[in-house]
Amino acid sequence: MKRLSFHTDVLPLKDELFRLALRITLNHAEAEDVVQETMMKVWNRRDQWDAIESMEAFCVTVCRNLALDRMKRVDNQSQTLEASHDAPDTSYASNPEEQTVQRDRVQLVKHLMQQLPEKQRTCMHLRDIEGKAYKEIAAMMNITEQQVKVNIFRARQTIKQKFLQSEQYGL
């Protein structure tokens with residue numbers, strides 16, 4: 001049986017946990033608090049680590065639940081995700097106009113993702129942004145792999161439909 005260490009198995013997950021918390025809370029300070037609280041909860045359950053099959057799945061689940069609980073208490077739905085400044089494409093084929101259009105499209109997709117139901121948004125984020133496998137997502141969210149696939153499909157369809165409507169607006 002593998003011996004787990006807080007320093008080598010839990011602390012390296014802090015960036016991933018922060019991204020997850022930020023995506024749910026939409027607030028930098030709140031996300032930091034959620035990650036800190038997650039780390040404390042995981043540390044306080046260190047006597048149960050041997051029974052945990054996947055430390056990453058456990059940490060992500062704790063973080064997700066804490067962030068959702070915090071959102072219910074604070075009712076922070078009106079804030080928007082702090083826009084991350086995506087590095088512009090500096091390839092020879094792009095010009096400033098193309099860069100601006102691309103940046104606007106990325107912002108639109110981020111905005112559309114924020115409007116998705118929480119379960120769809122979480123599944124899509126874990127799959128498309130974090131690169132998790134369906135099985136991992138199912139374990140983290142305590143749902144079946146089929147439910148994960150359905151949520152991701154519905155999320156992508158919704159974003160595609162709203163994106164196309166936005167692109168054709170005014171034509």
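Residues numbered from 1 in each chain as written. Predicted model: local features only at pLDDT ≥ 70, side-chain atom pairs only at ≥ 80, totals over all residues. Heavy atoms only, no water.

1. Considering the packing of helix α6 (residues 118–129) against helix α7 (residues 134–141)
The N-to-C vectors of α6 and α7 enclose an angle of 140 degrees; their axes lie 10 Å apart at closest approach. Classified by the angle between their axes, α6 and α7 sit oblique to one another. Read as a crossing pair, α6 and α7 show a hand that is right-handed. Contacts between α6 and α7 involve Lys-119, Thr-122, Cys-123, Leu-126 and Arg-127 from the former and Tyr-134, Ile-137, Met-140 and Met-141 from the latter. Classifying every residue of the contact of α6 with α7 by side-chain character gives six nonpolar, one polar and two charged. (Axes fitted to C-alpha atoms, helices over the stretch in contact; angles between N-to-C directions. Helix = DSSP H or I, 4+ residues; strand = E, 2+ residues; numbered from the N terminus. Parallel < 35°, antiparallel > 145°, perpendicular 65-115°, else oblique. Left-handed = near helix turned anticlockwise from the far one by under 90°. Contact = heavy atoms within 4.5 Å. Nonpolar A, V, L, I, M, F, W, Y, C, P; charged D, E, K, R; others polar.)

2. Side note on the side chain of Glu-16
Relative to the assigned elements, Glu-16 resides in helix α2 (residues 14–25). In this structure the side chain of Glu-16 is engaged in a polar contact, spanning 2.9 Å, whose partner is the side chain of Lys-132. Not counting the four nearest positions on each side in its chain, Glu-16 is found in contact with Glu-56, Val-60, Glu-130 and Lys-132. (Polar contact = N/O pair within 3.5 Å; in protein donor to acceptor, adjacent residues only side chain to side chain.)

3. Comments concerning the nonpolar core
One finds Val-10, Leu-17, Trp-49 and Met-55 to be the most contacted residues of the largest nonpolar core, which totals 37 residues. Broken down by secondary-structure element, the contributors of at least two residues to this core are α1 (6–10), α2, α3 (28–44), α4 (55–74), α6, α7 and α8 (145–168). Among the elements that take part in this core, α4 stands out by supplying eleven residues, more than any other. Listed in part, the eight residues of the second largest apolar core include Leu-112, Met-113, Met-124 and Phe-163. (Core = buried A, V, L, I, M, F, W, Y, C linked by side-chain atoms within 4.5 Å. Buried < 20%, exposed > 50% of the residue type's maximum accessible area, 1.4 Å probe, protein only.)

4. A word on the layout of surface pockets
Empty space within the second largest pocket amounts to approximately 220 Å³. If you go around the second largest pocket, the residues you meet are Ile-52, Glu-53, Ser-54, Glu-56, Ala-57, Phe-58, Thr-61, Lys-135, Glu-136, Ala-139 and Met-140. Put simply, the parts of the chain that give the lining of the second largest pocket at least two residues each are α4 and α7. Across the lining of the second largest pocket, the residue classes break down as five nonpolar, two polar and four charged. (1 Å grid on protein atoms, 1.4 Å probe; cavity = no way out; pocket = protein on both sides within 12 Å on 5 of 7 lines; lining within 4 Å. Points joined across faces, edges and corners; volume = space filled by probe spheres on them.)

5. Looking at the confidence of the model for the protein
Of the residues in the protein, 85% have a pLDDT of 70 or more, and the chain-wide mean is 81. When the elements of the protein are averaged for pLDDT, helix α5 (residues 96–114) gives the smallest value, 82, and α3 the largest, 91. (pLDDT = per-residue confidence, 0-100.)

6. Regarding the packing of aromatic side chains
Under the counting rule described, the total for this entry stands at three aromatic pairs. Relative to Trp-49, the ring of Phe-6 has its centre 6.3 Å away and its plane inclined at 10 degrees; by these criteria the two rings are stacked. Linking Phe-6 in helix α1 with Trp-49 in the loop between α3 and α4, this pair joins segments that are 43 residues apart in sequence. Here the two residues Phe-6 and Trp-49 agree in accessibility, since each one is buried. Of the aromatic side chains, those joined through ring pairs into one cluster are Phe-6, Trp-43 and Trp-49. Against the face of Tyr-134 rests Arg-127, its NZ or CZ located 4.2 Å from the ring centre. A cation sits over an aromatic face here: Lys-149 above Tyr-134, 5.4 Å from the ring centre. (Phe/Tyr/Trp six-rings, centres within 6.5 Å; stacked < 30°, edge-to-face > 60°. Lys NZ or Arg CZ within 6 Å of the ring centre and 35° of its normal.)

7. Points about the pattern of salt bridges
Applying the stated criterion to the full structure yields eight salt bridges. Here Glu-16 ties to Lys-132 by a salt bridge, and the two come within 2.9 Å at their closest N and O atoms. In this pair, Glu-16 is assigned in helix α2 and Lys-132 in the loop between α6 and α7, connecting sequence segments 116 residues apart. With relative accessibility at 11%, the residue Glu-16 sits in the buried group. Glu-56 is the salt-bridge partner of Lys-132, the closest N and O atoms lying 2.1 Å from each other. Separated by 76 residues along the polypeptide, Lys-132 in the loop between α6 and α7 and Glu-56 in helix α4 bring together distant segments of the chain. Looking at Lys-132, the relative accessible area reads 8%, which means it is buried. Beyond isolated ion pairs, a larger network of salt bridges with shared partners links Glu-30, Asp-33, Glu-37 and Arg-70. (Salt bridge = Lys/Arg side-chain N within 4 Å of Asp/Glu carboxyl O.)

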